[in-house]
Amino acid sequence: MRKQFGMPEGEKLVNYYSCSYWKGRVPRQGWLYLTVNHLCFYSFLLGKEVSLVVQWVDVTRLEKNATLLFPESIRVDTRDQELFFSMFLNIGETFKLMEQLANLAVRQLLDSDDFLEDKPLPRPIRPHRNISALKRDLDARAKNECYRATFRLPRDERLDGHTGCTLWTPFNKLHIPGQMFISNNYICFASKEEDACHLIIPLREVTIVEKADSSSVLPSPLSISTKSKMTFLFANLKDRDFLVQRISDFLQKTPSKQPGSSIGGRKASVVDPAPESSPAPQEVLEQPTSPSSPLSSHQSFCAQEVPTASQGLLKLFQRDPSMEDLGAKGAKEKMKEESWNIHFFEYGRGMCMYRTAKTRELVLKGIPESLRGELWLLFSGAWNEMVTHPGYYAELVEKSIGKYSLATEEIERDLHRSMPEHPAFQNELGIAALRRVLTAYAFRNPTIGYCQAMNIVTSVLLLYGSEEEAFWLLVALCERMLPDYYNTRVVGALVDQGIFEELTRDFLPQLSEKMQDLGVISSISLSWFLTLFLSVMPFESAVVIVDCFFYEGIKVILQVALAVLDANMEQLLSCSDEGEAMTVLGRYLDNVVNKQSVSPPIPHLHALLTSGDDPPEEVDIFDLLKMSYEKFSSLRADDIEQMRFKQRLKVIQSLEDTAKRSVVRAIPVDIGFSIEELEDLYVVFKAKHLASQYWGNSRTAAVRRDPSLPYLEQYRIDVSQFRELFASLTPWACGSHMPVLAGRMFRLLDKNKDSLINFKEFVTGMSGMYHGDLTEKLKVLYKLHLPPALTPEEAESALEATHYFTEDSSSEASPLASELDLFLPWEAQEALPQEERDGSGNEDVQEKRGGAGCSLLVLGEGKQPSRLSALSSNVGQGERDSKGDDQGPSQDEPGAVHRAVQDTLQYVQ
């Protein structure tokens, strides 16, 4: 395959499929080869050959569709062409693999995370003969991502396996069919019916794993007990013995975070569960099982002197009136708390709670103020990471104290802009807590660092939780629930903005075209999505949306956004410009109220929008949520992920085009190349950088690209890559000394001596070789024989070569003499006679001086290899006008030097 398509040595084939490529209206039957970095097709039929090679990073559109012309086909678009493939034996499997590979490629453009084989993935006992290891790893990676997203698990969790089973649910006394998932730290269950039941059992909570007696009613049952005295009964397991053994193995490996706890009591009990339960009381006392337990309020900061927020700031800065004083609102809040307490009694409390449709109903009715922080930690999965990383936040804060960076400067600038209307952030305690959380996260994740809008979200998290809890909630938001939202280019928000536009076309077609004409969607969606409506809605109303977001994910944000547009459709259709439409939406959102809130109202920054003779009527937040679920509940999480992939291709390729235009504009106009030539060169330069990240290569290339850097500095190449480009593009790439010449040119262009050059430096060198006049080319050649182009060993030889310069006291000065003297090393000038250093000497002397300098490199002769048509040029443009009599070499000068001079001058001419 590599030989057929000229692939790099490190390129790996993932799989290949038989299909037809449509060239015009004629199908060409052949083979589609899918590699880590390329899509390739080859066909040889009836004497006609078709060969295609497309890099995944160039794909702008990938979709499966069916038309009259192309029945059940896969469409692949790049910037230059549209490709259609059909007649697959299994089009679903092929398209899924193509999606995975294209997604890996665009992720590489986003964060330079090249594809590495996932070593910790479990190896199959009997691998399939026709499935490559890469294909298996990609399938496992896809399952891992789906598993983690479904159950909100940490990013390093890996699925070991899954099996069909039933779960006994005591709250309705039914055996619910579904799937059990086993990983190294969790046992999870998902029912076949979406909302019937979800369950997450951390292995750190498990005390007993027991095989019960089988019966015709309950075949192959398995009982799992936890520290919180909950017992879960699974049945209809196909291979119960093997499953118990795997759980037992994982229990043995489960680390105990608390000193003194017993791991020996963690073995799965198969016959007699009684001895295994003895360590349980000790472990319950050592590690908190849920955010509501007394031990969960422990703070790793207690030993530090700095004041910290050990509980939610809302409890510290808000007077807690009695429920009787609040009247109807207090009674409503008390009813909510009672409903949740009943739910905890029936469905369990903490991470092992049964999550059902009843749980969603309670969330939609509003989470009580007293339970909000606890349930946010559970539903987001932040509690899992917090309890398994004790002291991590304290260490980050300690390490980040006194460290200054661009992120810390931006944090300081935005601290007092974070909910300034709330009393919690009108004093130093709240501001200091916000500073520590944001700085600790910037220190943990320098790729993101700090992005505007993070301060608003974090300030709300601090109101309902301690600093450590707010930190882990921020980790869950930035790294799992809102991926790529808060990086330097807010790619995730732009991707979901594209999804919002697509959903508007599907659900509100009569409004979609109007919104596009006004350009409103791009203006509103970023502020809505980045801050989860916290910046555009009254606080007590927006926090209800945040409740639903932590339970449902981004689906709720999209539903509410659609509901807002739908509620204002008539007014938006009559708007004449963007400003008028923004005012309509702003006035509506500012009047979304929460009549059930027991907190005192907080002044909203958008209150000015409601001023006027006819203010809009108030909208209850719970009515808005109810309408969003009634009209747009057909949205599914897996459909949103599919749309995210589609939009991610468009967004990242659009950002890459913007980067290319920015880099080309940064090149000086006198460089000699046209805009089109510079863009072509940029594509070649970028492709060479990406080629260094192919499968099997070291990760040094990934370190070279930092997306936070200016566009010009993001893609850089090393000396080996430059040598390849030098050989294929430059007009001086002839003769046996080409590698030496390329190495010296690279060192000359590498101004900062970091062994890497950017595109501007590369183009500068190319321009000198293509568009420089004869004098400039001679100067470049001469510089190639002086430091820094020379290595230290070569520099010593070059200094010795200056002794062969011919002395001449002629008063006629060459116009090139002063130019060349500028590039002579100081020691070489000291070795020359005084009159030569003063600029005297005829041109012949200068010619020999240059020749002696070039004597270290005898350029080979021969036919110049073919070059890019857009870059073809004659290196020897201009004619040399010699003055004075040529003088031969002195008696002491070796004949090789004379020949080198003649060969060099002949080559330059």
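Residues numbered from 1 in each chain as written. Predicted model: local features only at pLDDT ≥ 70, side-chain atom pairs only at ≥ 80, totals over all residues. Heavy atoms only, no water.

A. Quick look at the sheet that holds strand 10 (residues 186–191). The strand order 11-10-9-8-14-13-12 describes an open sheet built from 7 strands, whose pairing is antiparallel. Sheet topology places strand 11 (198–202) and strand 12 (206–211) at the edges, where each strand pairs with a single neighbour. Across the sheet, the mean angle separating the axes of adjacent strands is 30 degrees when strand polarity is ignored. Set on the sheet, helix 3 (residues 133–151) makes contact with strand 8 (159–169), strand 9 (174–183), strand 10 and strand 11; between it and strand 10 the angle comes to about 80 degrees. (Pairing = 2+ DSSP bridges. Helix = DSSP H or I, 4+ residues; strand = E, 2+ residues; numbered from the N terminus. Axes fitted to C-alpha atoms, helices over the stretch in contact; angles between N-to-C directions. Contact = heavy atoms within 4.5 Å.)

B. Up close: unusual backbone geometry. Here the amide bond leading from Pro787 into Pro788 is cis, since omega sits at 10 degrees, within 30 degrees of zero. As for its placement among the helices and strands, Pro788 is situated in the loop between helix 32 (774–783) and helix 33 (792–801). The backbone phi angle of Asp484 is positive, close to 65 degrees, even though this residue is not glycine. Structurally, Asp484 can be placed in the loop between helix 16 (467–481) and helix 17 (491–507). Residues other than glycine seldom take positive phi values, yet Ser755 does so here, at roughly 65 degrees. With respect to the element layout, Ser755 can be found in the loop between helix 30 (738–749) and strand 18 (757–758). In this structure Ser755 comes out as partly exposed when scored by relative accessible area, which is 46%. (Buried < 20%, exposed > 50% of the residue type's maximum accessible area, 1.4 Å probe, protein only.)

C. Layout of the nonpolar core. By size, the foremost hydrophobic cluster in this structure holds 237 residues, and its most contacted members are Phe85, Phe234, Tyr486, Trp528 and Phe762. No other element matches the 11 residues that helix 2 (residues 91–111) contributes to this core. The contacts of Tyr486, once residues within four sequence positions are left out, are Ile448, Cys451, Ala453, Met454, Val457, Cys478 and Leu530. (Core = buried A, V, L, I, M, F, W, Y, C linked by side-chain atoms within 4.5 Å.)

D. Looking closely at the pattern of salt bridges. The final tally for this structure, using the stated rule, is 33 salt bridges. Note that Asp657 is salt-bridged to Arg79, the shortest N-O span being 2.7 Å. Taken together, the positions of Asp657 in helix 25 (residues 637–665) and Arg79 in the loop between strand 6 (73–77) and strand 7 (82–86) put the pair 578 residues apart, joining distant regions of the chain. We classify Asp657 as partly exposed; its relative accessible area is 22%. Arg435 is paired through a salt bridge with Glu428; the nearest N and O atoms lie 3.6 Å apart. (Salt bridge = Lys/Arg side-chain N within 4 Å of Asp/Glu carboxyl O.)

Just distances and angles here, no functional claims.
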